[in-house]
Amino acid sequence: MSQPVSAPLAPMTPDAVTHAFNYIRYVRALQTGAANAAPAFGEYAQLRTALLDVADRIITPITALPSPDEGDPSSDSFALEALGRIFLGVLHTEDDVCPSQAPGIAAAIISFTEEILTENPEDVVDTLEQLRAAALDQARGAHPVPGVRTTAM
């Protein structure tokens, strides 16, 4: 079997990263009963796009087939890769059969983080914060602020 070729993801902007992870934090607070009122999150389409970008960046690397340097894929590798594609496909679907709205996408990211990326449910917030920091660093690298040095002297 040959490995599917996936197109590289376009870099997110720092604002999109911040916006998406603020919403994920809000949904996590709702899940734990720590949120009182919903802050304003702006236009739904932009929020949904940012959340889907975050989901792609978290799920794809974890479920991708191993690179040639990492060895031959196993049957488990192919199953995980297929499940990742299906999961992301469902999140990207927005129709009458499978509406994927912002709360559901955020909850799916949280669930994936809790079930796959952490061993302890209490670590979810810390793991999401690490993912946010990495995404923000990448976004700032792709979209530097004019006049601001990003490298040490």
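For the structure, check the block above.
A brief structural summary. Just so it is clear, the model here is predicted, and its values are computed rather than measured. Here the residue numbering is sequential within each chain, running from 1 through the sequence in written order. At least 70 in pLDDT is required for a residue's local features to be given in this predicted model, at least 80 for side-chain atom pairs to be given and counted, and no such filter applies to totals for whole chains, interfaces and linings, which use all residues. Water and hydrogen atoms were dropped before computing side-chain values, which therefore reflect all heavy atoms in the structure.

Glancing now at helix α1 (residues 14-32). Helix and strand assignments follow DSSP, with helices taken as H or I runs no shorter than four residues and strands as E runs no shorter than two, numbered in order from the N terminus. Helix span, expected: 1.5 Å multiplied by one less than the number of residues in the helix. Under the 1.5 Å per step criterion, the end-to-end length of α1 is 27 Å for 19 residues, consistent within 8% with the ideal 27 Å. Only protein chains enter the accessibility calculation, which uses a 1.4 Å probe; a residue whose area is less than 20% of its type maximum is buried, one above 50% is exposed, and one in between is partly exposed. All buried positions along α1 are accounted for by Val-17, Ala-20, Phe-21, Tyr-23, Ile-24, Tyr-26, Val-27, Arg-28 and Ala-29. When checking whether two residues touch, look at their non-hydrogen atoms; a contact exists if any pair is within 4.5 Å. Its buried side turned inward, α1 meets α2 (44-63), α4 (102-117) and α5 (124-142). At the exit of α1 stands Gly-33, carrying a positive phi of roughly 80°.

Right, let's talk about the side chain of Thr-63 for a bit. Here Thr-63 shows up in helix α2. The definition of a polar contact used here is a pair of N or O atoms within 3.5 Å, where within protein one atom must be able to donate a hydrogen and the other to accept one, and adjacent residues in sequence count solely through side-chain atom pairs. At 3.0 Å, the side chain of Thr-63 forms a polar contact with the backbone oxygen of Ile-59. The contacts of Thr-63, once residues within four sequence positions are left out, are Leu-80, Glu-81, Gly-84 and Phe-112.

Glancing now at the nonpolar core. As used here, the term nonpolar core means buried Ala, Val, Leu, Ile, Met, Phe, Trp, Tyr and Cys residues forming a set that is joined through side-chain atoms within 4.5 Å. Ranked by size, the top nonpolar core spans 31 residues in total, and within it Val-17, Tyr-23, Ile-24, Leu-51, Val-54, Leu-91 and Ile-109 carry the most contacts. Elements with a contribution of two residues or more to this core: α1, α2, α3 (75-92), α4 and α5. Among the elements that take part in this core, α2 stands out by supplying 8 residues, more than any other. With residues up to four places along the chain from it excluded, the contact list for Val-54 reads Met-12, Ala-20, Phe-21, Ile-24 and Ile-109.

Here the focus is the side chain of Thr-127. Mapped onto the fold, Thr-127 is located in helix α5. Contacts of Thr-127, omitting those with residues within four sequence positions, involve Thr-113, Leu-117 and Thr-118.

At a closest axis distance of 9 Å, the pairing of α1 and α2 adopts a crossing angle of 90°. With respect to each other, α1 and α2 are oriented roughly perpendicular. In contact with Ala-16, His-19, Ala-20, Phe-21, Tyr-23 and Ile-24 of α1, α2 contributes Leu-47, Ala-50, Leu-51 and Val-54. Any residue outside Ala, Val, Leu, Ile, Met, Phe, Trp, Tyr, Cys, Pro, Asp, Glu, Lys and Arg is labelled polar, Gly included; the first ten of those are nonpolar and the last four are charged. Taken together, the residues of the contact of α1 with α2 break down into 9 nonpolar, 1 polar and no charged. Helix axes use the C-alpha atoms of the stretch in contact, all axes being lines fitted to C-alpha atoms, and the angles between their N-to-C directions lie in the range 0 to 180 degrees. Oblique is the label for every angle not falling under 35 degrees (roughly parallel), over 145 degrees (roughly antiparallel), or within 65 to 115 degrees (roughly perpendicular).

The values reported here are purely geometric and, on their own, carry no functional implication.
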